[in-house]
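Overview (structure and organization)
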Amino acid sequence: MSDETRTTETDQAEFLAELLAAGLLIESGVDGVYGHGEVFEFIRERLTAIVSEIAKSHGGAAKLSFPPVIPRRTLETNGYVGNFPHLAGSIFGFEGSEAQAMEQGARAAAHEDWSEFQSQTDLMMLPAACYPVYPALADRGPLDPGGVIVDIGASWVFRHEPSIDPARRQSFRMHEIVRVGEPEAVEAWRLEWSKLGVELFTELGLDAHLENANDPFFGRIGRLLAANQSAEELKWELLVPITGSEPTACASFNYHLDHFGEMWDLKLSDGGPAHTACAAFGQDRIVLALLRTHGLDPDKWPTTARLRLWG
Ligand code: 5GP
Ligand code: ZN
């Protein structure tokens, strides 16, 4: 382990301990899964409201909301299972006999392996807030001219990546605004939201900058997909220092071209495939960035940041 890695890990462990001691986060016993205390939620709820307010004043947005589970078929169709097998969470359930239920219960009570009694259900954990939007919109038929903007609020999402870094969670909240429509409009919208993101973070007193990025696709083929995504500038991340020497992605602005339009048969008014983009705000990370930058007590934060959040 390099000195830099050790320093980063120490930094992360110390920050996590501070957050737990202050009651901002609540331990679950599993790395990357936390409850939120009142102050954490007080900040997070305002962030959700502000992102929705920005959406409302920039073209308006239809509000849709989806559960934290998604049909397995959706993630099979959109390639998530193939591209991110290391992050996907599948839901299993029990459909056995009474005797098997007894055996399963006894093993569970002793914390032994009871997985043999479980079989895969039709559901998986939702890994990105916007995935249910595309098939749902496609079901409504061709879009009106000009397309649509959707605000899906703060969704709980899951990614199987246990970590001691308080900014890398398995279960976290992502607030996405989604744009679907004609190519030029969608591309311009993504650019506009990346600027709105920088503006918001700056008003909150965060040291934020945008960078071209890529998703963590799995394996050798995944490296090619990531290189392609990077070369086409399809993912921009808004980075803020939280712990360690590298800043952390607190929001991303993603342009999917006609990928989801083709996949879900999501059509423009003229019958062509819709282009799509999303602005994803990692709420828990933004709260952590604020707590790290301004301190653990929001009453003592700079007036400008307080005014932007609470008016
Ligand atoms: P993306 O889909 O771009 O990977 O994620 C969107 C946003 O969700 C990121 O910019 C980030 O703010 C947040 N996010 C991604 N991974 C994690 C994570 O492991 N933990 C937390 N708390 N937020 C994450
Ligand atoms: Zn998205």
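As a reminder, the structure under discussion sits directly above these lines.
Residues numbered from 1 in each chain as written. Chains lettered and ligands numbered in written order. Predicted model: local features only at pLDDT ≥ 70, side-chain atom pairs only at ≥ 80, totals over all residues. Heavy atoms only, no water.

Moving on, we get to unusual backbone geometry. A positive phi angle, near 55 degrees, is found at His111, a position not held by glycine. Mapped onto the elements of the fold, His111 is located in the loop between helix H5 (98-109) and strand E6 (118-125). Judged by relative accessible area, which is 74%, His111 ranks as exposed. Of note in this structure, Leu257 is not a glycine but carries a positive phi near 50 degrees. If you trace the backbone, Leu257 turns up in the loop between strand E11 (248-255) and helix H9 (259-264). (Helix = DSSP H or I, 4+ residues; strand = E, 2+ residues; numbered from the N terminus. Buried < 20%, exposed > 50% of the residue type's maximum accessible area, 1.4 Å probe, protein only.)

At this site the zinc ion (ligand 2) is bound by Cys130 (SG), Glu176 (OE) and Cys278 (SG), with donor distances of 2.1 to 2.3 Å. One chain supplies every donor to the zinc ion (ligand 2), and in sequence these donors are spaced C-x45-E-x101-C. Highlighted residues: Cys130 in the loop between E6 and helix H6 (133-138) and Glu176 in strand E8 (residues 171-181), separated in sequence by 46 residues. In this structure, Cys130 and Glu176 share a single accessibility class: buried. (Donors = N, O, S within 2.8 Å, 3.2 Å for Na, K, Ca; no water.)

Turning to the pattern of salt bridges, a few remarks are in order. In this structure the tally under the stated criterion is 15 salt bridges. The residue Arg46 makes a salt bridge to Glu53 at a minimum N-O spacing of 3.9 Å. When salt bridges that share partners are traced, they join Arg72, Glu76 and Asp122 into one network. (Salt bridge = Lys/Arg side-chain N within 4 Å of Asp/Glu carboxyl O.)

A few words now on the packing of aromatic side chains. Considering all chains together, one arrives at 11 aromatic pairs under this definition. Where Phe84 meets Phe217, the ring centres are 4.9 Å apart and the plane angle is 25 degrees; that geometry is what we call stacked. Placement of Phe84 in the loop between helix H4 (80-83) and strand E5 (90-94) and of Phe217 in the loop between strand E9 (209-212) and helix H8 (219-231) is noted, with a sequence separation of 133 residues between them. For Phe84, a relative accessible area of 8% corresponds to the buried category. The interplanar angle of 85 degrees and the centroid separation of 5.9 Å between the aromatic rings of Phe253 and Phe281 together place this pair among those described as edge-to-face. Here Phe253, found in strand E11, pairs with Phe281, found in strand E12 (residues 275-282); they are 28 residues apart in sequence, far enough to count as distant. A single burial state applies to Phe253 and to Phe281, both of which are buried. Pairwise contacts between aromatic rings join Tyr80, Phe84, Tyr131, Tyr134, Phe217 and Phe260 into one cluster. (Phe/Tyr/Trp six-rings, centres within 6.5 Å; stacked < 30°, edge-to-face > 60°.)

Here we take up helix H2 (residues 38-57). Under the 1.5 Å per step criterion, the end-to-end length of H2 is 29 Å for 20 residues, consistent within 8% with the ideal 28 Å. Residues of H2 that are buried: Phe40, Glu41, Ile43, Arg44, Leu47, Thr48, Ile50, Val51, Ser52, Ile54 and Ala55. Looking one or two residues past H2, Gly59 carries a phi angle of roughly 100 degrees, positive in sign. (Expected span 1.5 Å × (residues − 1).)

Before going further, it helps to spend a moment on the nonpolar core. Ranked by internal contacts, the top residues of the largest apolar core, which has 45 residues, are Trp193, Phe201, Phe281, Leu290 and Leu291. At the level of secondary structure, the elements contributing two or more residues to this core comprise helix H1 (3-21), H2, helix H7 (183-203), strand E10 (235-240), E11, E12 and helix H10 (283-294). With seven residues, H2 is the single largest residue contributor to this core. In contact with Leu291, not counting residues within four places along its chain, are Phe15, Leu19, Leu24, Phe40, Ile43, Leu296 and Trp301. Counting 35 residues, the second largest nonpolar core, distinct from the first, contains Ile70, Ile152, Val178 and Leu266. (Core = buried A, V, L, I, M, F, W, Y, C linked by side-chain atoms within 4.5 Å. Contact = heavy atoms within 4.5 Å.)

Turning to the site of ligand 1, a few remarks are in order. In the neighbourhood of ligand 1, 16 residues make up the surrounding shell, with Arg159, Arg169, Lys235, Ala249 and Ser252 lying closest. For ligand 1, whose free accessible area comes to 490 Å², the fraction covered by protein is 93%. At the level of secondary structure, the elements contributing two or more residues to the shell around ligand 1 comprise E8, E11, E12 and H10. Looking at which element gives the most residues to the shell around ligand 1, the answer is E11, with four residues. The residue inventory of the shell around ligand 1, partitioned by class, reads seven nonpolar, two polar and seven charged. (Near = heavy atom within 4 Å. Areas by Shrake-Rupley, 256 points an atom, 1.4 Å probe, with all protein chains shown as cover. Nonpolar A, V, L, I, M, F, W, Y, C, P; charged D, E, K, R; others polar.)

This next bit is on the sheet that holds E6. Taking strand neighbours across the sheet as the criterion, the three strands line up as E4-E6-E5 in an open arrangement whose pairing is antiparallel. If you trace the sheet from one side to the other, it starts and ends with strand E4 (69-71) and E5, each paired once. Strand after strand, the sheet turns through a mean of 60 degrees between neighbouring axes, direction not considered. In this sheet, E6 lies alongside E5 in antiparallel orientation, the contact comprising four bridges. From the neighbouring strand, Ser90 faces E6, where its bridge partner is Met124. (Pairing = 2+ DSSP bridges. Axes fitted to C-alpha atoms, helices over the stretch in contact; angles between N-to-C directions.)

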